[in-house]
Amino acid sequence: MGELRLPYTPRVVGEKTAFNALRREDFERFNPGILGLGDISREGTAVEALAAIYDLEGFTAFCGQDDSDLFVHDFLAQFLAWLFAQTAQSFTHEKNDEEVLVWGRLPFFAKFLGDGVLFLWDTNPPDDRLRGPRLMGGMVLGLLKTCLDYQRDFLPRARKKFAAPPARLRCGVARGRVLSVGDGQDFIGPCINLASRLQKLPPLSFAVSAKGFDAEKALHPDDVGHFAAKQVRVRGLKTPQLVYVLADEARRLTAAEREEFQDP
């Protein structure tokens, strides 16, 4: 998370061997402190959370175009501004000049991942009225809306300014316990790893782990039909995972892909 630019001085030892020299105090600046995590030895705080990882599909190829330094930063600035505004809008019920009413809560943690963003929501808030399956359902629908609006809203505008921008915004979602690291500047937990793997399930764009999420209880009956339960093997995990995917995407799977996504 940090950058370390040290003042090197060329040194030649003997006839051919070249080195870079650093003052001792500069050399010792290379330590875990550059990660910006604070006191890593501090005992972490556990939080029951929902992890969502957004990923820009095709971002590596987008950055691989000639003279990418002339447009990548501009694209990221516009995308991140849109993503945070869209996420906030998805959880907004109504607002006026003085306050905003939101469904549940906004993410308590966000992290830029290079080609995407990690969001964490607290699923065990102090107020019991803000808990329950319907809150989880609202979160999942909000995340899905953001993915769909990327293609409906952001992508058409991006194509007018950038050549071949990332075509889809993928998302993986999972519940579980996360643990703070250092001074709360980062979090670790199996659900974060699972969400990362779910957003990479080809050829899908949206997948939600069924652990702690029952679609029939969390979603309105009109919305349940938009999802299909599938059993799939996830890289790095020994047992198959039950996940909810978009029903439309499940119907478009090829015969070979259906072998990977089995009906439970």
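Okay, so let's go over this structure. (Residues numbered from 1 in each chain as written. Predicted model: local features only at pLDDT ≥ 70, side-chain atom pairs only at ≥ 80, totals over all residues. Heavy atoms only, no water.)

Across its 26 residues, helix H4 (residues 133-158) extends 36 Å between first and last C-alpha, which sits within 8% of the 38 Å expected from 1.5 Å per residue. The sharpest bend along H4 comes to roughly 45°, located at aspartate 149. (Helix = DSSP H or I, 4+ residues; strand = E, 2+ residues; numbered from the N terminus. Expected span 1.5 Å × (residues − 1). Bend = angle between axes of the 7 residues up to and from the residue.)

Another point: a nonpolar patch on the surface. On the surface, Val100, Val102 and Leu106 cluster together to form a nonpolar patch covering roughly 220 Å² of accessible area. Secondary-structure assignment places valine 100 in strand S5 (residues 100-102). (Patch = residues over 30% accessible without salt bridge, like charges linked within 9 Å, V, L, I, M, F, W, Y side chains within 5 Å. Areas by Shrake-Rupley, 256 points an atom, 1.4 Å probe, with all protein chains shown as cover. Salt bridge = Lys/Arg side-chain N within 4 Å of Asp/Glu carboxyl O.)

Our focus in this paragraph is a negative patch on the surface. On the surface, a cluster of negative charge is contributed by Glu94, Asp97, Glu98 and Glu99. As for its placement among the helices and strands, glutamate 99 is situated in the loop between strand S4 (92-95) and S5. (Lys, Arg positive; Asp, Glu negative; His and termini not counted. Charge placed at Lys NZ, Arg CZ, Asp CG, Glu CD.)

Right, let's get into the packing of aromatic side chains. When we look at a pair of aromatic rings, we describe it by the centre distance and by the angle of the planes. Counted by the stated rule, this structure contains 22 aromatic pairs. Summarising the aromatic geometry, the rings of phenylalanine 62 and phenylalanine 75 are spaced 4.8 Å apart at their centres and angled 55° between planes, so their arrangement reads as tilted. With phenylalanine 62 in helix H2 (residues 59-63) and phenylalanine 75 in helix H3 (residues 72-90), this pair connects stretches of sequence that are 13 residues apart. On the basis of relative accessibility, which here comes to 1%, the residue phenylalanine 62 falls in the buried class. (Phe/Tyr/Trp six-rings, centres within 6.5 Å; stacked < 30°, edge-to-face > 60°. Buried < 20%, exposed > 50% of the residue type's maximum accessible area, 1.4 Å probe, protein only.)

Turning to unusual backbone geometry, a few remarks are in order. Most peptide bonds are trans, and most residues other than glycine sit at a negative phi. Going from proline 202 to proline 203, the amide bond is cis rather than trans, its omega being 0°. The residue proline 203 is located in the loop between helix H5 (190-198) and strand S10 (206-209) in this model. The backbone of aspartate 67 sits at a positive phi, close to 55°, despite the residue not being glycine. Phi is positive for alanine 164, which is not a glycine, with a value near 50°. Judged by its relative accessible area of 58%, alanine 164 falls in the exposed class.

When we look at burial in H5, the residues that qualify are Cys191, Ile192, Leu194, Ala195 and Leu198. Buried residues of H5, seen end-on, are gathered within an arc of 165° and therefore sit on one face of the element. The secondary structure elements touched by the buried residues of H5 are strand S3 (46-57), strand S7 (116-122), strand S8 (168-181), strand S9 (186-188), S10 and strand S12 (241-246). (Arc of directions from axis to C-beta. Contact = heavy atoms within 4.5 Å.)

Right, let's talk about the pairing of S10 for a bit. Of the two faces of S10, the one carrying Phe206 and Val208 and the one carrying Ala207 and Ser209 are both buried. Here S8 pairs with S10 via 3 bridges, running parallel. Residue glycine 172 lies in a different strand from S10, and its bridge partner there is alanine 207. (Pairing = 2+ DSSP bridges.)

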